[in-house]
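# Inside the fold
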Amino acid sequence: MLMVPLFLLLAAADSPEAADVKAWRAHQEQKMRGDKSPFAVERVEVLEHEHNTLGSAPTAAVKLPGDGIPTAAGEVVIRGGNAVLIPATPQLTVNGKFEKEHTLIGTDWVALGQYRLQIRHPDGKTALRISNLKGPSMMHYHGLQYYDFDERYRIPAQFTPDAGKHEITVESSQGGPQQLPYAGKLTFQWSGKPYTLDAFIDDDEPDVLFIIFRDATSGKETYGVGRYVYVARTADGKTILDFNKAFNPLCAYGSLFFCPIPPRQKHLPVAITAGEKPYGNN
């Protein structure tokens, strides 16, 4: 008699919606274990000089110790208010390519061995955010935890775009204000009652709606600052708000991140027992 593995039977039993959520969560897990994982972020170093050397040498302005890291891999030169990367070895790349010179912007990823670097501007200064793929947080990462998929939390919603382009000021997890590009309002019903959430635009995912929310589980069963969820844009505004894909902001994984907090008037008075749970509880 032909035996079918249990995991295949379970996979076959998934609805298309549950399978979609499972695939999305697998992608999230892949990101957490990949080059751009927030768990790899170790520190932020302000570039205090005009010429800032990178490498494993004790005298390097930005010290990057490790096997195979050159003593002098290159430098970041502050030129006309810009941060310009000048590699001294082909091991130092930007976005997967070696360039003799590259003016860094926030979306660039600099790679050197086990390290990944990004330019940042905290308090108007120029700095490098340094990730170590062999750092302790990456080595001890043990996976995200979610509520079980629940079809009830796939909710029909209507997006109403805002007439103009402007930003809304919200508080951040570090205490200061943060500006978010405003897209419009997302309305939906839960248990027969109407609710409205603000929709924003996230620079990392500009083609979808970015929703930040708190609910009755926040600070109890889920991360206290709140959670986020992306919602698809459609031509007529009719879309699906799938709380099964709710995820934690980066500040849930480390103190070097800051993230926008949902305004108090936008807190949902109901418990959304779907999506990601706090990291570290599994």
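As a starting point, this report considers the structure included with it. (Residues numbered from 1 in each chain as written. Predicted model: local features only at pLDDT ≥ 70, side-chain atom pairs only at ≥ 80, totals over all residues. Heavy atoms only, no water.)

### Notes on the overall build of the protein chain
Each helix and strand in the protein chain was counted, giving 3 helices and 17 strands. Considering only C-alpha atoms, the protein chain reaches an extent of 65 × 65 × 35 Å along its principal axes. Across the 282 residues in the protein chain, those meeting the buried criterion constitute 45%. The contacts in the protein chain between residues at least 6 apart in sequence include a share of 55% that link residues at least 24 apart. (Helix = DSSP H or I, 4+ residues; strand = E, 2+ residues; numbered from the N terminus. Buried < 20%, exposed > 50% of the residue type's maximum accessible area, 1.4 Å probe, protein only. Contact = heavy atoms within 4.5 Å.)

### Observations regarding unusual backbone geometry
One non-glycine residue, N95, lies in positive phi territory at about 55°. Of note, N95 is situated in the loop between β6 (93-94) and β7 (102-103). Looking at N95, the relative accessible area reads 42%, which means it is partly exposed. At D123, a residue that is not glycine, the phi angle is positive and equals roughly 55°. With respect to the helices and strands, the residue D123 is situated in the loop between β9 (115-120) and β10 (127-132). Look at D123 and you get exposed, because its relative accessible area is 79%.

### Focus: the environment of P249
Residue position: P249 is located in the segment after β17 (238-242). Between the alpha carbons of P249 and V229 there is a distance of 9.7 Å; along the sequence they are 20 residues apart. Beyond its immediate chain neighbours, meaning those up to four positions away, P249 contacts Y223, G226, R227, Y228 and C259.

### Some points on the packing of aromatic side chains
For the structure on display, the rule yields 16 aromatic pairs. Ring centres of Y182 and F200 lie 6.0 Å apart, and the angle between their planes is 70°; this geometry places the pair in the edge-to-face category. Residue Y182 is located in strand β13 (residues 177-190), and its partner F200 is located in strand β14 (residues 193-202); the two are separated by 18 residues in the primary sequence. Ring geometry for Y228 and F247: centres 5.9 Å apart, planes at 90°, overall edge-to-face. Highlighted residues: Y228 in strand β16 (residues 227-232) and F247 in the segment after β17, separated in sequence by 19 residues. Taken individually, Y228 and F247 each receive the classification buried, so the pair is uniform in this respect. Here a set of aromatic residues connected by ring pairs shows up, and it is made of W24, Y146, F210, Y228, Y230 and F247. (Phe/Tyr/Trp six-rings, centres within 6.5 Å; stacked < 30°, edge-to-face > 60°.)

### Let's talk about the pattern of salt bridges
Two side chains bearing opposite charge may form a pair once their charged atoms approach each other closely. Evaluation of the coordinates by the stated rule reveals 12 salt bridges. Salt-bridge contacts for K22 lead to D14; the nearest nitrogen and oxygen are separated by 2.7 Å. One salt bridge in this structure joins D215 and R227, with 3.2 Å as the shortest N-O distance. Of this pair, D215 sits in the loop between β15 (205-213) and β16 while R227 sits in strand β16, and the two are 12 residues apart along the sequence. You'll find D215 and R227 in the same group, each marked buried. Taken together, the shared-partner salt bridges in this structure form one network comprising E42, R43 and E45. (Salt bridge = Lys/Arg side-chain N within 4 Å of Asp/Glu carboxyl O.)

### Description of the sheet that holds β7
Strand order across the open sheet formed by 5 strands is β3-β2-β4-β5-β7, with mixed pairing between neighbours. Sheet topology places β3 (62-63) and β7 at the edges, where each strand pairs with a single neighbour. Relative to β7, strand β5 (residues 82-87) is paired through 2 bridges, and the arrangement is antiparallel. Counted as the bridge partner of L85 is H102 from β7. (Pairing = 2+ DSSP bridges.)

### Here's the deal with the environment of E171
Position of E171 among the secondary structure elements: in strand β12 (residues 167-171). Exposure remark for E171: the relative accessible area of 44% places this residue in the partly exposed category. Among residues more than four places away in sequence, those in contact with E171 are G176, P177, C259, P260 and I261.

### Some thoughts on the nonpolar core
Of all hydrophobic cores here, the largest spans 24 residues; its most connected members are M32, F39, L144, F200, I212, Y228 and Y253. Those elements that place two or more of their residues in this core are α2 (16-32), β13 and β15. The residues contacting F39, other than those within four sequence positions of it, are M32, S137, M138, Y141, Y253 and Y279. L186, A199, F213 and I272 belong to the second-largest nonpolar core, a separate cluster that totals 23 residues. (Core = buried A, V, L, I, M, F, W, Y, C linked by side-chain atoms within 4.5 Å.)

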